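Spelled out, the chains give:
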Amino acid sequence: MTHLKKERTLVVIKPDGIQRTLVGEIIQRYERIGLKLIAIKMLVPSEDHVDKHYNLDPEWKKNVGEKSIKGYIDKGLEPPSQDPMVIGDQVISVLKKYLSSGPVIAMVWQGAHAVKIVRKITGGTEPLSSDVGTIRGDYVLDSYQMSDKDGRAIRNLIHASGSAKEADDEIKHWFVEEELLDYNLVQDKILYDVNLDGLLE
Ligand code: ADP
Ligand code: MG
């Protein structure tokens, strides 16, 4: 098994993140915790690319539908449909429009527990209920209620892989192997070295 410090995750700064001029802020959050940026590019993804991205996991559509229904019920509101697949289809269709509307920045971050750490810093899907201190919680005010009323995707600045399996599939979907750079950072030593020898002159 590869060492935990080699775990990788995909992050995409969505078009609203670029338009809100939050690129530097977002990158800084992942950088300062000790993760290593090993690939980055700017592009305008096609609707087909986005469609494939969200269909890499055949369960995703149902899960996103269930999560949205729960979001409504938790707030004492009536969900627009009781069928998670119906909501899932709607979400994919609005996501295609959202993510292909302008430039995005795709990145791969590497480090211990990269998937979970990035999700923690990024915050929950719905900015209204994301924790304060997370990127989504600090920089956006969107909600399921508002995005559904307007028939659009919830704007939350970032995509971040939800599991190690999702990360593997998504990284392959956005990058070719040669674009993932293996290199040493000076700080790797203090984060991961077992003996910490050689610090003193
Ligand atoms: P996350 O991005 O937190 O992993 P999901 O994978 O569940 O969230 O959903 C993917 C994206 O779809 C979300 O980031 C959000 O932009 C959008 N989205 C999810 N649920 C809804 C919904 N009910 N209505 C509109 N957009 C949604
Ligand atoms: Mg997800």
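In the nomenclature of an unreviewed UniProt entry, the protein is known as nucleoside-diphosphate kinase. Looking at the protein in UniProt, the text filed under Sequence similarities (unreviewed entry) is "Belongs to the NDK family." The Cofactor (unreviewed entry) comment attached to the protein in UniProt states, word for word, "Mg(2+)".

## Focus: the nonpolar core
Core analysis: the largest hydrophobic core is formed by 24 residues, its most contacted members being Val-108 and Phe-175. Mapped by element, the contributors of at least two residues to this core are β1 (8-13), β2 (36-43), α3 (47-54), α4 (60-74), α5 (84-99), β3 (104-110) and α9 (164-174). A per-element tally of this core places α5 first, with 7 residues. Aside from chain neighbours lying at most four places away, what touches Val-108 is Arg-8, Thr-9, Leu-10, Lys-36, Leu-37, Ile-38, Ala-39, Ile-171, Phe-175 and Leu-180. Ranked by size, the runner-up nonpolar core spans 20 residues in total, among them Leu-35, Ile-105, Trp-109 and Ile-135.

## Some details on unusual backbone geometry
Keep in mind that most residues, glycine aside, have a negative phi and that most peptide bonds are trans. Even without glycine at this site, His-113 takes up a positive phi of about 55°. When its relative accessible area of 40% is taken as the criterion, His-113 is described as partly exposed. Of note, Leu-196 is a non-glycine position whose phi angle comes to about 50°, a positive value. Its location among the elements puts Leu-196 in the segment after α10 (188-192). Since its relative accessible area comes to 36%, Leu-196 is described here as partly exposed.

## Comments concerning the layout of surface pockets
Reported here for the largest pocket is a volume of approximately 670 Å³. Secondary structure elements with two or more residues in the lining of the largest pocket: α3, α4, α5, α8 (144-149), β4 (158-160) and α9. Looking at the lining of the largest pocket residue by residue, the classes come out as 14 nonpolar, 10 polar and 9 charged. The computed volume of the second largest pocket comes to approximately 220 Å³. Taken together, Met-1, Thr-2, His-3, Leu-4, Lys-6, Glu-7, Arg-8, Gln-110, Ala-164, Ala-167 and Asp-168 make up the full set of residues lining the second largest pocket. By residue number, the principal contributor to the lining of the second largest pocket is α9, which donates 3 residues. Counted by class, the lining of the second largest pocket contains 4 nonpolar, 3 polar and 4 charged residues.

Calculation criteria
- Residues numbered from 1 in each chain as written.
- Chains lettered and ligands numbered in written order.
- Predicted model: local features only at pLDDT ≥ 70, side-chain atom pairs only at ≥ 80, totals over all residues.
- Heavy atoms only, no water.
- UniProt positions renumbered as here; feature names shortened; annotations may be inferred.
- Core = buried A, V, L, I, M, F, W, Y, C linked by side-chain atoms within 4.5 Å.
- Buried < 20%, exposed > 50% of the residue type's maximum accessible area, 1.4 Å probe, protein only.
- Helix = DSSP H or I, 4+ residues; strand = E, 2+ residues; numbered from the N terminus.
- Contact = heavy atoms within 4.5 Å.
- 1 Å grid on protein atoms, 1.4 Å probe; cavity = no way out; pocket = protein on both sides within 12 Å on 5 of 7 lines; lining within 4 Å.
- Points joined across faces, edges and corners; volume = space filled by probe spheres on them.
- Nonpolar A, V, L, I, M, F, W, Y, C, P; charged D, E, K, R; others polar.

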